[in-house]
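Inside the fold
Here's the letter readout for the chains.
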Amino acid sequence: MIKVITYGTFDLFHEGHYKLLQRAKQLGDYLIVGVTTEEYDQARGKLNVKDSLLTRIENVKKTGFADEIIVEESQGQKFRDIKKYNIDIFTVGSDWIGSFDYLKDYCKVIYLDRTKNISSTMLRIQVEPIQRIGIIGTGRIANRFVPEAALVSGVNARGVYNPNLKSAKLFANKWGIDAYEDIEEFYQASDIVYIASPHGSHYSYVKQALEHGKHVLCEKPLCFSKEQAKELFRYAKDKGLILFEGIKTAYCPGFAKLIGIACSGIIGSIRGVEACFTKLESNSKRELGDMTYGGSFIELGSYCMLPILKLFGYDYEEVRFDSIKNENGIDLYTKVCIRYPNGLATATCGLGVKSEGKLLISGTEGYIVVEAPWWKTSYFEVHHENPSDIERFSERFLGDGLRYEVCDLLSKIGGDTRNDFKLTRSDSETMAGIMEQFLAEREGRRMNP
Ligand code: C2G
């Protein structure tokens, strides 16, 4: 009996998939089809798969060509499957020519001609038309955003607005998009608005973009008052629009895995979370120069509060802030202590003080440590009382990581709620509330030292 194996995502099942499976079956007597998991697809950079694993398996089954269906979870599995199932032929479409030649030592490798003019990507665009992204702001983060968004099929950065037209034009020329002088025209040409303007302007731009009927992705911090955050989310919901706060860590696969594992009981009950993020900046930079919204906590606090809120929730008993400030009263180094009924958390942020950027989660039966850059979560260790008992976990973090939030936003616009847990409305509202308290205390102390 000749055994054949092939693999694929088989998203939005189409004629190309059908013909591939048909020909794969004709190569032998028994066909095994490996269908990829969402996690594996994410890890290999396929970010916008629409159908669930079960639907994709069901569609493969319906063809009647597969004698057996298995799930493909990771790189390296193909080699193991070939051994395990005693495979004679590995086959895949011609878009992969050369990529699987390394399997030739173990079985025959056949690349079948790909069916022309049909692909899941083309179908995704038909199902959901391309979303045009308009960008407000032209700073460093906006420059990182454009190439990341280009990697997500289904969106297209089209235009940029900056009240300083010269900056908008420079940015537009660099990225081959349109610069707008008139903000009304800018909104007309956008379906999603990405806000990467100075922090103090976020609230008013988010509101304005929502009023124009646009979905919004706003860089962190969304705003500086719990009430304002609530108002923005309420407004978005009433109008059927999606509002996302862009804290990239929240959307990356490694962080979701970390939170899932931490909550699984692997270290017992969680009692401590210590998150530290420092980045040295000169006094002349916006991060320290902005007299109202500058400083280490406003700049970096969203990252550090994220694991705390994810693991301990919103019902804290007390928040205390301690800072070292520059001559303008802007904090160079801030420690925030958050007390919960059953846990203690600290968020440490520095722009003028450098420290070890670590995330440490302590529990009644062990601890989890994520070394810097934990905010681009890709590797973490679980430790127990016995120092040699260490479990290691890893996940890929691709590029600058902004692609993950764009991808989730796009899915959400398409009605997919599977990723809603990653950064909730309550997360953003609570963060805005803590920043509000921080700013009130900083301002109060500045006025009454
Ligand atoms: N295919 C095809 N013709 C098309 C589109 C796809 O013959 N017009 C083939 C692909 O070459 C592949 C199979 O259909 O052999 C499944 O395609 P995808 O769902 O796009 O999966 P892919 O990313 O190619 O996964 O481990 C996964 C495999 O390496 C391949």
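If you're wondering where the values come from, they're calculated on a predicted model, not measured in any experiment.

1. Details of the site of the ligand
Neighbouring the ligand are 21 residues, the closest being Lys46, Glu72, Asp95, Trp96 and Ile118. Interatomic distance of 2.7 Å between a backbone N/O atom of phenylalanine 10 and an oxygen atom of the ligand. Glycine 93 is positioned such that a nitrogen or oxygen atom in its backbone is 2.9 Å from an oxygen atom of the ligand. Secondary structure elements with two or more residues in the shell around the ligand: strand S1 (3–8), helix H1 (15–26) and strand S4 (89–93). Ranked by residues supplied to the shell around the ligand, first place goes to H1 with three residues.

2. Description of helix H7 (residues 165–175)
Among the residues of H7, those classed as buried are Ala168, Phe171 and Ala172. Seen end-on, H7 carries its buried residues on one side only, within an arc spanning 100 degrees. For H7, the exposed residues set more than 90 degrees away from the buried face come down to Lys166, Leu170, Asn173 and Lys174. Each element contacted by the buried residues of H7 is listed here: strand S6 (131–136), helix H6 (140–149), strand S7 (155–161) and strand S8 (178–180). By the N-cap criterion, in which a side-chain oxygen at the helix start approaches the backbone nitrogen of a residue two or three places on, H7 is capped by asparagine 164, the distance to lysine 166 being 3.1 Å. Of the residues one or two after H7, glycine 176 is the one with positive phi, at around 65 degrees.

3. A word on the domain arrangement of the protein chain
When cut into domains, the protein chain gives domain 1 (3–112), domain 2 (131–247) and domain 3 (253–396). Its C-alpha centre places domain 1 at a distance of 41 Å from the equivalent point of domain 3.

4. Points about the sheet that holds strand S13 (residues 318–325)
The mixed open sheet is built from eight strands, whose spatial order is S13-S14-S15-S12-S16-S17-S18-S19. In this open sheet, the two edge strands, each paired with only one partner strand, are S13 and strand S19 (390–394). Averaged over all adjacent pairs, the angle separating strand axes in this sheet is 10 degrees, with direction ignored. For strand S17 (residues 367–370) and strand S18 (residues 379–383), the ladder comprises three bridges, and the chain directions are antiparallel. Residue valine 369 lies in a different strand from S18, and its bridge partner there is glutamate 381.

5. Some points on a negative patch on the surface
Taken together, the side chains of Glu181, Asp182, Glu184 and Glu185 present a region of like negative charge at the surface. Position of glutamate 181 relative to the elements: it lies in the loop between S8 and helix H8 (183–188).

6. Here's the deal with the side chain of threonine 430
Relative to the helices and strands, threonine 430 resides in helix H16 (residues 425–447). Under the relative-accessibility criterion, threonine 430 is labelled buried at 5%. The residues contacting threonine 430, other than those within four sequence positions of it, are Leu309, Tyr314 and Tyr316.

7. Structural notes on the sheet that holds strand S9 (residues 192–195)
Taken together, the six strands give an open sheet; going across it, the order is S8-S7-S6-S9-S10-S11, and neighbouring strands pair in parallel fashion. Looking at the sheet topology across the chains shown, the edges are occupied by S8 and strand S11 (243–246). Going from strand to strand, the sheet's axes swing by 25 degrees on average, the running direction of each strand aside.

8. Section: the pairing of strand S12 (residues 270–278)
In terms of burial, S12 is a largely internal element, seven of the nine residues being buried. Note that S12 and strand S16 (residues 359–363) share five bridges and pair antiparallel. Across the sheet, the residue bridging to glutamate 274 is leucine 360, located in S16. For S12 and strand S15 (residues 343–350), the ladder comprises seven bridges, and the chain directions are parallel. What sits directly across from alanine 275, in S15, is alanine 347.

9. Points about the packing of H6 against helix H15 (residues 402–413)
The contact between H6 and H15 brings their axes to 9 Å, and the two run at 65 degrees. Handedness of the crossing formed by H6 with H15: right-handed. Packed against H6, whose contacting residues are Ile141, Arg144, Phe145 and Glu148, the element H15 presents Leu402, Arg403 and Val406 at the interface. Here the residues of the contact of H6 with H15 are counted per class, giving four nonpolar, no polar and three charged.

10. Here's the deal with the packing of aromatic side chains
Scanning the model with the defined rule gives 23 aromatic pairs in all. For the pair phenylalanine 321 and phenylalanine 438, a centre-to-centre distance of 5.2 Å together with 65 degrees between the ring planes defines the contact as edge-to-face. Here phenylalanine 438 lies in helix H16 and phenylalanine 321 lies in strand S13, a separation of 117 residues in the sequence. We note that phenylalanine 321, like phenylalanine 438, is buried. Through a chain of ring-to-ring contacts, three or more aromatic side chains come together here, namely Tyr7, Phe90, Trp96, Phe100 and Tyr102. Cation over ring: arginine 44 sits above tyrosine 40, and NZ or CZ is 5.5 Å from the ring centre. Over the aromatic face of tyrosine 7 sits the side chain of lysine 78, whose NZ or CZ is 4.9 Å from the ring centroid.

11. A closer look at helix H4 (residues 77–84)
Where H4 is concerned, the buried positions are Gln77, Lys78, Asp81 and Ile82. Angularly, the buried residues of H4 cover 135 degrees about the axis, an arc narrow enough to put them on a single face. Set apart from the buried face of H4 by more than 90 degrees, the exposed residues are Lys83 and Lys84. In this structure, the buried side of H4 is in contact with S1, helix H2 (38–43), strand S3 (68–72) and S4. Downstream of H4 by one or two residues, asparagine 86 has phi in the positive range, about 55 degrees.

The rules behind each value
- Residue numbering note: each chain is counted from 1, following its sequence as written.
- Confidence filtering applies because this is a predicted model: local features only for residues at pLDDT of at least 70, side-chain atom pairs given and counted only at 80 or more, and all residues used for totals across whole chains, interfaces and linings.
- The basis for the side-chain values is all heavy atoms of the structure; hydrogens and waters are excluded.
- Throughout, the term near means that a residue has one or more heavy atoms lying within 4 Å of the molecule or strand in question.
- Between N or O atoms, a polar contact is any pair within 3.5 Å; within protein, one atom must be a potential hydrogen donor and the other a potential acceptor, and residues adjacent in sequence are included only when both atoms are from side chains.
- Under the DSSP-based scheme used, a helix requires at least four consecutive residues in state H or I and a strand at least two consecutive residues in state E, with every element numbered from the N terminus.
- Here the term buried applies to any residue with accessible area under 20% of the maximum for its type, exposed to any over 50%, and partly exposed to those in between, with areas from a 1.4 Å probe on protein chains only.
- Note that the arc is computed from the directions linking the helix axis to the C-beta atoms.
- Contacts were defined at the residue level, with two residues in contact if any of their heavy atoms lie within 4.5 Å.
- Just so you know, the domain bounds were taken from an automatic or database domain assignment.
- One requirement defines pairing of two strands: DSSP has to find at least two bridges between them.
- Think of each axis as a best-fit line through the C-alpha atoms, taken over the contacting stretch in the case of a helix, with angles from 0 to 180 degrees between the N-to-C directions.
- Here, patches come from residues exposed beyond 30% relative accessible area and free of salt bridges, joined within 9 Å for like charges and within 5 Å for nonpolar side chains (Val, Leu, Ile, Met, Phe, Trp, Tyr).
- Residue burial considers only the protein chains on display, and all accessible areas are found by Shrake-Rupley using a 1.4 Å probe.
- A side-chain nitrogen of Lys or Arg and a carboxyl oxygen of Asp or Glu constitute a salt bridge if their distance falls within 4 Å.
- By the counting rule applied here, Lys and Arg register as positive and Asp and Glu as negative, while His and the ends of each chain are not counted.
- A charged residue contributes its charge at one atom only: NZ of Lys, CZ of Arg, CG of Asp or CD of Glu.
- In this scheme the handedness of a crossing depends on how the near helix is turned from the far one: anticlockwise by less than a right angle means left-handed, clockwise means right-handed.
- Note that Gly is not counted as nonpolar here; it falls among the polar residues with everything else outside the nonpolar set of Ala, Val, Leu, Ile, Met, Phe, Trp, Tyr, Cys and Pro and the charged set of Asp, Glu, Lys and Arg.
- Ring pairs shown here join Phe, Tyr and Trp side chains whose ring centres sit within 6.5 Å, with only the six-membered ring taken for Trp; geometry is labelled stacked below 30 degrees between planes, edge-to-face above 60, and tilted in between.
- By definition here, charges over rings are those cases where NZ of Lys or CZ of Arg is within 6 Å of the ring centre and within 35 degrees of the ring normal.

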